Amino acid sequence: MDVQKIRAAVLRRRGGPLKIETLEMEGPRDDEVLVRLVASGICHTDISYIDQWYDASEGPLVLGHEGAGIVEKVGKKVKRVRRGDHVVLSYQSCGRCRPCRSGRPADCRYLYDLNFGFKRPDGSNALRPSGVRGHFFGQSSFASHSLATERNLVKVPKNLPLETLAPLGCGLQTGAGTVMNSLAVPAGASIAIFGTGAVGLAAVMAARIVGAGPIIGVDIVRSRLEIALELGATHVIDNRREDVAARIREITGSGVDYTVESTGDDKLYQLAADALNPKGTAAYLTGVSGPGSLSQGRKALSIIQGDAVPQSFIPRLIAFYRKGLFPFDRLEKFYDFRQINRAIADARRGHSVKPVLKISKA
Ligand SMILES: [Zn+2]
Ligand SMILES: [Zn+2]
């Protein structure tokens with residue numbers, strides 16, 4: 001098997017910083033695709049690994065899961081993409097379990113292992129020196145190259161910049177998919193979106209596309225609430241200064257039909273259920289399941305990746321983008337790959353809604 005030298009930002013200590021190092025990567029295997037990365041978004045989950053979840057005893061990590069780039073080499077069994085194709089990388093799924101075979105890869109039985117296991121399905125790792133762990137979300141995109149598979153690659157048009165498209169693979173798909181797929185919010189329904197970071201703002205834009213209203217954005221960062229208003233929120237609430245429940249009642253006269261909770265805040269966790277109208281649905285995007293025993297037909301769902309099938313949903317989002325309906329590029333701020341630690345610091349402080357690293361020239 002081929003081995004290539006790559007550059008990758010490696011995490012060796014909780015809290016960072018990440019250090020760009022030269023590593024070796026073997027592959028692609030028959031079912032793998034070697035992608036030269038042009039850009040990668042930075043998502044909240046990357047920062048959670050750096051700040052909270054990193055365990056030095058399990059070995060250094062290469063993070064990053066919003067990659068975009070150009071196919072450089074394909075394994076013998078790969079059919080859907082070929083050398084030179086432009087691709088956006090998304091989450092990984094197995095393709096063989098029952099949910100995968102019935103077109104629901106976000107419910108894949110091996111989702112946790114394939115995305116957070118930092119190894120291939122057979123337990124091996126393509127990176128050397130051994131001990132450094134990649135394959136995060138089937139990509140580890142804070143690097144010059146990724147090994148992906150057909151299942152987490154989405155072919156995209158060559159006439160759009162890859163650095164713009166990169167964040168579609170996780171955060172934007174999750175926010176928009178929650179509204180359009182998981183909740184299937186109908187026109188005229190009221191919705192409150194807790195947290196107007198990249199995920200929440202994607203939900204705001206999707207809510208506008210489907211014709212929902214009122215669309216209420218809730219956050220503590222003034223600048224993000226202002227963007228929410230520009231992107232489709234009809235009302236915004238600063239939950240540090242205002243009583244969210246009272247304001248929602250004032251706006252709708254009752255509660256809302258849908259809530260989307262993307263903050264992880266304890267108070268908003270409960271409020272996402274309490275603010276619902278009878279038969280309303282609360283969508284939790286932070287990995288928690290919502291409060292149990294809700295009355296009057298109210299429901300709480302824990303949602304992964306907006307129940308999106310990346311190969312069909314990302315092209316749909318690109319079509320909305322081209323029509324000016326999903327202007328997600330307004331959230332992006334670009335950094336050179338070498339500035340990765342600054343980009344992460346800006347995201348932590350809320351100075352950058354969606355930092356994107358420019359890794360190489362298209
Ligand atoms: Zn993510
Ligand atoms: Zn599966």
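This structure is a prediction, so every number in the text was calculated from the model and none was measured.

Trainee: Help me understand the overall build of the chain, please; the structure alone is not making it clear to me.
Mentor: Each helix and strand counted, the chain has 11 helices and 17 strands in total. Taking 2.2 N^0.38 as the reference for a compact globule, 362 residues should give roughly 21 Å; the C-alpha atoms of the chain span a radius of gyration of 20 Å, in line with that estimate. Projecting the C-alpha coordinates of the chain onto the three principal axes gives extents of approximately 65 × 40 × 40 Å. Going through the 362 residues of the chain one by one, you find that 57% of them count as buried. The long-range fraction of contacts in the chain, counting pairs at least 24 apart against all pairs at least 6 apart in sequence, stands at 64%. With the model as given, the accessible surface of the chain reaches about 15,300 Å², and the carbon-plus-sulfur share is 48%.

Trainee: What is the right way to look at unusual backbone geometry in this model?
Mentor: Note on backbone geometry: most residues besides glycine have negative phi, and most peptide bonds are trans. Following Arg128, the chain continues to Pro129 via a peptide bond in cis, the omega torsion being 5°. Following the sequence through the fold, Pro129 ends up in the loop between β7 (127–128) and β8 (145–149). Look at the link from Gly213 to Pro214: it is a cis peptide, with omega at -10°. Of note in this structure, Gln296 is not a glycine but carries a positive phi near 50°. Looking at the secondary structure, you find Gln296 in the loop between β14 (276–284) and β15 (299–302). Non-glycine residue Asp307 carries a positive phi angle of around 50°. The residue Asp307 is located in the loop between β15 and α10 (310–322) in this model.

Trainee: I tried to follow the pairing of strand β1 (residues 3–11) on my own but got confused; where do I start?
Mentor: Here is the key point about a regular strand: its side chains alternate between the two faces of the sheet. Pairing of β1 with strand β2 (residues 19–26) involves eight bridges; the strand directions are antiparallel. In the sheet register, Ile6 faces β2, and the bridge partner there is Leu23. Bridge analysis of β1 against strand β4 (residues 61–62) gives two bridges, and the strand direction is antiparallel. Pairing of Val10 across the sheet is with Val62, part of β4.

Trainee: Quick question: what am I supposed to make of the pattern of salt bridges here?
Mentor: Once the charged atoms of two side chains with opposite charge are near each other, the side chains can pair. What the rule picks out here adds up to 23 salt bridges. The salt bridge partner of Arg104 is Asp107, with a shortest N-O separation of 2.8 Å. Asp107 sits in the partly exposed class, given a relative accessible area of 36%. Its salt-bridge partner being Asp219, residue Arg224 comes within 3.3 Å of it at the nearest N-O pair. With relative accessibility at 4%, the residue Asp219 sits in the buried group. Salt bridges sharing common partners tie together Glu26, Glu32, Arg120 and Arg128.

Trainee: How should I be thinking about the packing of aromatic side chains in this particular structure?
Mentor: Aromatic ring pairs are defined here through the distance separating the ring centres and the angle between the ring planes. In total, this model carries 12 aromatic pairs according to the counting rule given. Ring centres of Tyr49 and Phe116 lie 6.3 Å apart, and the angle between their planes is 20°; on these two criteria the pair is classed as stacked. Linking Tyr49 in helix α1 (residues 44–53) with Phe116 in helix α3 (residues 111–116), this pair joins segments that are 67 residues apart in sequence. Overall, the relative accessible area of 24% leaves Phe116 in the partly exposed class. Look at Phe118 and Phe136: their rings are 4.9 Å apart centre to centre, the planes differ by 0°, and that puts the pair in the stacked class. With Phe118 in the loop between α3 and β7 and Phe136 in the loop between β7 and β8, the pair connects residues that are 18 residues apart, well separated along the chain. Taken together, Tyr49, Trp53, Tyr112, Phe116, Phe118, Phe136 and Phe137 form an aromatic cluster joined through their ring pairs. In this structure, Lys358 is placed above the aromatic ring of Phe334, and the distance from its NZ or CZ to the ring centre is 5.5 Å.

What counts, and where the lines are drawn
- Residues numbered from 1 in each chain as written.
- Chains lettered and ligands numbered in written order.
- Predicted model: local features only at pLDDT ≥ 70, side-chain atom pairs only at ≥ 80, totals over all residues.
- Heavy atoms only, no water.
- Helix = DSSP H or I, 4+ residues; strand = E, 2+ residues; numbered from the N terminus.
- Rg over C-alpha atoms; globule rule 2.2 N^0.38 Å.
- Buried < 20%, exposed > 50% of the residue type's maximum accessible area, 1.4 Å probe, protein only.
- Contact = heavy atoms within 4.5 Å.
- Areas by Shrake-Rupley, 256 points an atom, 1.4 Å probe, with all protein chains shown as cover.
- Pairing = 2+ DSSP bridges.
- Salt bridge = Lys/Arg side-chain N within 4 Å of Asp/Glu carboxyl O.
- Phe/Tyr/Trp six-rings, centres within 6.5 Å; stacked < 30°, edge-to-face > 60°.
- Lys NZ or Arg CZ within 6 Å of the ring centre and 35° of its normal.

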